[in-house]
Amino acid sequence: MRRTGSSEHVVLAMTGASGLPYALRLLDCLIAAGCRVSLITSKAAHAVAALELDQPFPARHDALAAELGGRFGAAEGQVKGFARQDWTAPFASGSNPPDAMVVCPCTTGTLGAIINGLSDSLIERTADVCIKERRDLVIVPREAPLSAIALGQMTRLAELGVVILPPAPAFYHRPQTIEDLIDFTVARILDQIGVAHSLHARWGDEG
Ligand SMILES: Cc1cc2nc3c(=O)[nH]c(=O)nc-3n(C[C@H](O)[C@H](O)[C@H](O)COP(=O)(O)O)c2cc1C
């Protein structure tokens, strides 16, 4: 898989696993770094958003992009939303792949669909494009415990160069808040796709 210096166009896919606060913080950081962001959500992501976020996601993809882009101070056109079956999205074609895709949070269902190349939704198709065109693909799976099915699928994805990055907080940086825990994982994701951030000092650097 390609390892870039930086990612200008990032596809952020949110699926129906718990962990949407990670995705929102990631979006915030991508916008702040000047990235162009294409958003895709699964149907289940909207059901989970209604339960774990203060505000539910608007049903329409364009309204969702406008709402979240506005919340995080995006420039006009910086964040675009795409319908989950929009096969005409530019990055659905291998001729126009994104620099990077992050599936955050990723369900075991979407994980299975990606490793089996189903391409039955824009999320699955874009992941397939990233794998075949050797673009950065970071998957943030959230499930516990993990079955042998999911573990096997993650191994196969890792062998293809996909980064499997579970939201596993560390404690050596002495987190004080939930936001600190979220930032730890988001920093790791940004590092993987070459997007600069200053979420916290790196181990071994001055704090
Ligand atoms: C509140 C809630 C939390 C869920 N959390 C997870 C989870 O952490 N991981 C997971 O794999 N599935 C989780 N699910 C189940 C998925 O949403 C469900 O399997 C869905 O079909 C996944 O579809 P998607 O991959 O298209 O988003 C959760 C469902 C709900 C309602």
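Presented here is a report on the structure given in the accompanying data block. (Residues numbered from 1 in each chain as written. Predicted model: local features only at pLDDT ≥ 70, side-chain atom pairs only at ≥ 80, totals over all residues.)

1. Details of the site of the ligand
Phase 1: Taken together, 16 residues are adjacent to the ligand, and T15, G16, A17, S42 and T107 come closest.
Phase 2: Of all the secondary-structure elements, those providing two or more residues to the shell around the ligand are α2 (43-52) and α4 (108-115).
Phase 3: In terms of residues, the shell around the ligand owes the most to one element, α2, which gives five residues.
Phase 4: Among the residues forming the shell around the ligand, the class breakdown is six nonpolar, eight polar and two charged. (Near = placed C-beta within 6 Å. Helix = DSSP H or I, 4+ residues; strand = E, 2+ residues; numbered from the N terminus. Nonpolar A, V, L, I, M, F, W, Y, C, P; charged D, E, K, R; others polar.)

2. What to know about the sheet that holds strand β3 (residues 79-82)
Phase 1: Spatially, six strands are ordered β3-β2-β1-β4-β5-β6 in an open sheet, and the strand pairing comes out parallel. Edge positions in the open sheet fall to β3 and β6 (163-164), since each of these has one partner strand only. (Pairing = 2+ DSSP bridges.)

3. So, helix α6 (residues 148-159)
Phase 1: Helix length check: α6, at 12 residues, gives a terminal C-alpha distance of 16 Å against a target of 16 Å (1.5 Å per residue), a fit within 8%.
Phase 2: Looking only at α6, the buried set comprises Q153, M154 and L157. Projected onto a plane normal to the axis of α6, the buried residues spread over an arc of 100 degrees and lie on a single side. Those residues of α6 that are exposed and angled more than 90 degrees off the buried face are A148, T155, A158 and E159. (Expected span 1.5 Å × (residues − 1). Buried ≥ 20, exposed ≤ 12 C-beta atoms within 10 Å, placed from the backbone. Arc of directions from axis to C-beta.)

4. Things to note about the nonpolar core
Phase 1: In terms of nonpolar packing, the biggest core is built from 58 residues, with L12, L26, V102, V103, C104 and I139 touching the most fellow members.
Phase 2: Among the elements that take part in this core, helix α1 (residues 20-32) stands out by supplying eight residues, more than any other.
Phase 3: Here L12 is in contact with A23, L26, L27, V37, L39, V102 and C104, once residues within four sequence places are set aside. (Core = buried A, V, L, I, M, F, W, Y, C linked by C-beta atoms within 7 Å. Contact = placed C-beta atoms within 7 Å.)

5. A word on unusual backbone geometry
Phase 1: At the junction of C104 and P105, the peptide bond is cis and its omega measures out at -10 degrees in the coordinates.
Phase 2: With respect to the helices and strands, the residue P105 is situated in strand β4 (residues 100-106).
Phase 3: Of the consecutive residues A144 and P145, the connecting peptide bond is found in the cis state with omega at -5 degrees.
Phase 4: Notably, S119 is not glycine yet its phi reads approximately 55 degrees, a positive angle.
Phase 5: A positive phi angle, close to 60 degrees, is found at R134, a residue other than glycine.
Phase 6: Among the structural elements, R134 can be located in the loop between α5 (122-132) and β5 (136-141).

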